[in-house]
Amino acid sequence: MKQFVKITLAVMLGILIMGVLSIFLFFGFVGSLAALGESAPVMPREAVLTLDMSKITLSQQTKETDLFTSFQENTPSPLGIWDAMQAINAAALDPAIKFIYMRPDFVSGGIAEIEELRTALSKFRNSGKPVISYIENPTNAGYYLASVSDKIYMSPFDGGLNSMIGLSSRMYFLKDILDKLGVNVQLIRHGKYKSAGEMFVRSESSPENRFQNQEMIDAIWENWSETIAASRNISEESFNGMIDGLKLNFPTDWLEAGLVDGLMTREELDEQLCIFYQAEKIEDVAAISLKDYKTIKVHPNLKAKDRIAIIYADGEIMDGENKMGGVYGDRFAAIISDVRKDSTIKAVVFRVSSPGGSVLASEKIKSEIDLTKEVKPVIASYGNYAASGGYWISSNCNYIFSNPGTLTGSIGVFSMIPDFSGTLDKIVHVNSLSINSNDHSDMYSLMRPLDEKERAYMQASVEKIYGRFTEIVSEGRGLDVNYVDSIAQGRVWAGSDALEIGLVDKLGTIEDALAYAANAAVPGSDISSWQIVEYPKPLTTMEMLMMTLNSAKASVYAGTPFELVEKTFRSIDFKNGGKVWARIPYEIEIR
């Protein structure tokens with residue numbers, strides 16, 4: 001019998017080992033397949049730098065495309081905004097690059113990345129080299145990028161999708177349907193503008209929420225429309241009049257309005273590109289994509305002894321150590337601690353693009369930022385969001401740069417507990433009974449409403465954490481706590497408005513933040529003399545595959561109007577009843 005058991009266990013162990021080896025061999029085989037046909041890009045002697053926005057996704061940090069996605073045709077590659085800016089800066093100084101040819105249609109990225117890319121293109125143009133754009137399907141973001149160009153050409157054919165009609169945000173309110181389902185969501189919050197969770201307890205927007213959304217949209221559009229109008233040498237009033245009057249329907253409308261410089265077919269455009277390139281035929285015009293040019297030209301300065309670290313806090317702030325997306329408190333606290341202890345790192349740029357999330361995780365991250373600030377400069381650079389928890393973790397940095405369209409502030413907190421007792425009773429006709437050891441043992445069971453004492457208990461927690469939040473901002477920004485309370489109340493501000501009220505120090509890009517950090521560490525130094533290192537380190541292909549297989553799941557809301565609602569509140573775990581959150585209720589996508 002013992003011999004039989006030994007043989008059985010040995011066989012089982014062998015099968016297990018072979019299974020593990022097979023998995024690694026499979027992933028190695030898939031990795032080899034992905035590499036087939038990929039050759040190192042070659043830099044022509046003279047070239048046009050091409051920027052096709054349909055082929056890249058602007059992101060906070062350059063990341064590998066996972067192998068499953070890489071096999072799909074026409075899948076945009078993620079390109080970090082700092083890498084994109086470095087490549088464009090290098091091209092401005094490179095005699096081999098004659099001009100940039102941009103296709104801005106179907107641009108994909110957040111408000112901050114789009115604004116920062118345009119800034120880089122503007123600097124390229126100021127170097128004396130032209131930027132040429134060709135549009136077939138104008139959008140808000142696409143034309144905002146194109147407006148930086150020396151020449152904008154458009155397809156002469158009617159039928160293209162014109163969606164440059166101004167910015168719009170939409171809110172959904174679920175109280176009526178929740179009432180029908182017997183769900184009673186109990187929202188405890190501080191801040192009249194703290195609208196996270198409002199969609200669950202109201203049938204329409206509160207006046208304060210409507211007001212702050214209008215102010216936010218107006219601020220972003222004012223910056224974009226002013227920039228576009230100045231670039232095309234027309235008045236902002238005239239430009240907005242065209243948008244409001246729906247006067248930009250056909251390509252001829254764009255030409256007559258002075259928003260494009262000519263209507264051209266692709267063949268006619270080729271002739272124009274030949275003129276700029278000084279070539280006889282289009283086949284003689286050598287081109288290199290921004291992604292390939294980045295691969296050739298953008299490398300860390302390994303000769304530099306000292307380094308500046310960029311720490312990307314990109315995503316929702318959550319508890320734990322997970323590596324697959326998001327800003328996990330324990331993981332980021334450890335990363336910041338390691339950066340602080342690294343004597344070769346002389347300064348830190350804390351790149352925040354987060355709508356907030358867990359208060360506990362935010363406190364852990366802030367604590368490490370505060371300790372790091374004591375030994376080296378920590379400069380904040382705001383991406384698409386730096387709101388609620390995102391502002392919590394960064395408001396004490398030495399200096400804060402924000403993009404005009406960044407959503408920041410949202411200094412407020414909330415807690416939310418649904419009560420499903422009505423659903424069980426009236427909808428599914430199930431009765432439940434709680435057996436408790438103490439008076440309030442089942443207050444987080446989700447199966448009964450909170451009583452007055454329990455609600456007061458939770459409100460006290462929210463009030464204390466809100467007080468802590470305003471004190472953090474008061475100390476970090478050098479502002480009176482009563483003033484902070486007056487601009488807080490959960491209100492979300494666009495970066496341009498946040499500058500006026502003292503929540504940020506200057507409008508600028510990640511490049512501006514790096515330049516400031518370099519000078520703060522060694523006065524008079526330039527970014528080029530430093531080695532820039534980025535954290536967290538991007539996941540390897542194998543790590544992405546393993547984590548994707550472990551956590552793969554589809555959203556039932558994909559492709560529906562509720563997709564952003566589901567994405568916004570996906571991380572809120574109602575099993576952790578009574579937990580307090582510092583988060584904005586938005587997930588913004590620009591088209």
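These remarks concern the structure in this document.

Definitions and limits used
- Residues numbered from 1 in each chain as written.
- Predicted model: local features only at pLDDT ≥ 70, side-chain atom pairs only at ≥ 80, totals over all residues.
- Heavy atoms only, no water.
- Helix = DSSP H or I, 4+ residues; strand = E, 2+ residues; numbered from the N terminus.
- Buried < 20%, exposed > 50% of the residue type's maximum accessible area, 1.4 Å probe, protein only.
- Contact = heavy atoms within 4.5 Å.
- Areas by Shrake-Rupley, 256 points an atom, 1.4 Å probe, with all protein chains shown as cover.
- Core = buried A, V, L, I, M, F, W, Y, C linked by side-chain atoms within 4.5 Å.
- Axes fitted to C-alpha atoms, helices over the stretch in contact; angles between N-to-C directions.
- Parallel < 35°, antiparallel > 145°, perpendicular 65-115°, else oblique.
- Left-handed = near helix turned anticlockwise from the far one by under 90°.
- Phe/Tyr/Trp six-rings, centres within 6.5 Å; stacked < 30°, edge-to-face > 60°.
- Lys NZ or Arg CZ within 6 Å of the ring centre and 35° of its normal.
- Pairing = 2+ DSSP bridges.

## Description of the overall build of the chain
- Within the chain one finds 22 helices and 22 strands.
- The buried share of the chain, taken over its 591 residues, is 50%.
- Considering only contacts within the chain whose residues lie at least 6 apart along the sequence, 75% involve residues at least 24 apart.
- When the accessible surface of the chain is split by element, carbon and sulfur atoms take 55% of a total near 28,200 Å².

## Some words on the nonpolar core
- In this structure, Trp82, Leu117, Leu121, Leu259 and Ile308 are the most contacted members of the largest nonpolar core, which totals 79 residues.
- Every residue in contact with leucine 121, bar those within four places of it in the chain, is listed here: Leu51, Ile88, Ile100, Met102, Val131, Leu145 and Val148.
- In this structure, Ala309, Ile365, Val413 and Tyr466 belong to the second largest nonpolar core, which totals 53 residues.

## Concerning the environment of tyrosine 134
- By secondary structure assignment, the location of tyrosine 134 is in strand β5 (residues 131–135).
- The residues touching tyrosine 134, leaving out its near neighbours within four places in the chain, are Tyr101, Met102, Arg103, Pro104, Tyr153, Met154, Ser155, Met264, Thr265, Arg266 and Leu269.

## Notes on the packing of helix α4 (residues 111–126) against helix α8 (residues 207–231)
- One can describe the packing of α4 onto α8 by two numbers: an axis separation of 13 Å at closest approach and a directional angle of 20°. As the angle between them shows, α4 and α8 are arranged roughly parallel. Handedness of the crossing formed by α4 with α8: left-handed. Where α4 approaches α8, its residues Ile111, Ile114, Glu115 and Arg118 are matched on the opposing element by Ile220, Asn223, Trp224, Thr227 and Ser231.

## Considering the packing of aromatic side chains
- Here the structure, examined in full by the defined rule, presents nine aromatic pairs.
- Plain terms: the ring middles of tyrosine 144 and tryptophan 224 are 4.2 Å apart, the flat faces sit at 10° to each other, and that makes the pair stacked. One end of the pair, tyrosine 144, is in helix α5 (residues 140–146); the other, tryptophan 224, is in helix α8, and 80 residues separate them in sequence.
- A relative accessible area of 0% places tryptophan 224 in the buried class.
- Through successive ring pairs, a cluster of aromatic residues spans Tyr399, Phe401 and Tyr516.
- The residue whose ring lies beneath arginine 491 is tryptophan 493, and the NZ or CZ to ring-centre distance is 3.9 Å.

## What about the sheet that holds strand β8 (residues 262–263)?
- One open sheet accounts for six strands, arranged β8-β6-β5-β4-β1-β9; its pairing is parallel. What marks the edges here is a single partner per strand, and that holds for β8 and β9 (287–289).
- Pairing geometry for β5 and strand β6 (residues 151–154), over four bridges, is parallel. When the bridges of β6 are listed, serine 133 appears paired with isoleucine 152.
- Each of β1 (47–52), β4 (97–103), β5, β6 and β8 touches helix α11 (residues 266–277); the most contacted strand, β4, lies at about 160° to it.

## A few points about unusual backbone geometry
- With an omega of -5°, the peptide bond between tyrosine 535 and proline 536 qualifies as cis.
- In this structure, leucine 246 is a non-glycine residue whose phi angle is positive, near 50°.
- In this structure, leucine 246 sits in the loop between α9 (236–244) and α10 (251–256).
- For leucine 246, a relative accessible area of 64% puts it in the exposed group.
- With a phi angle near 70°, leucine 446 is a residue other than glycine that sits in the positive phi range.

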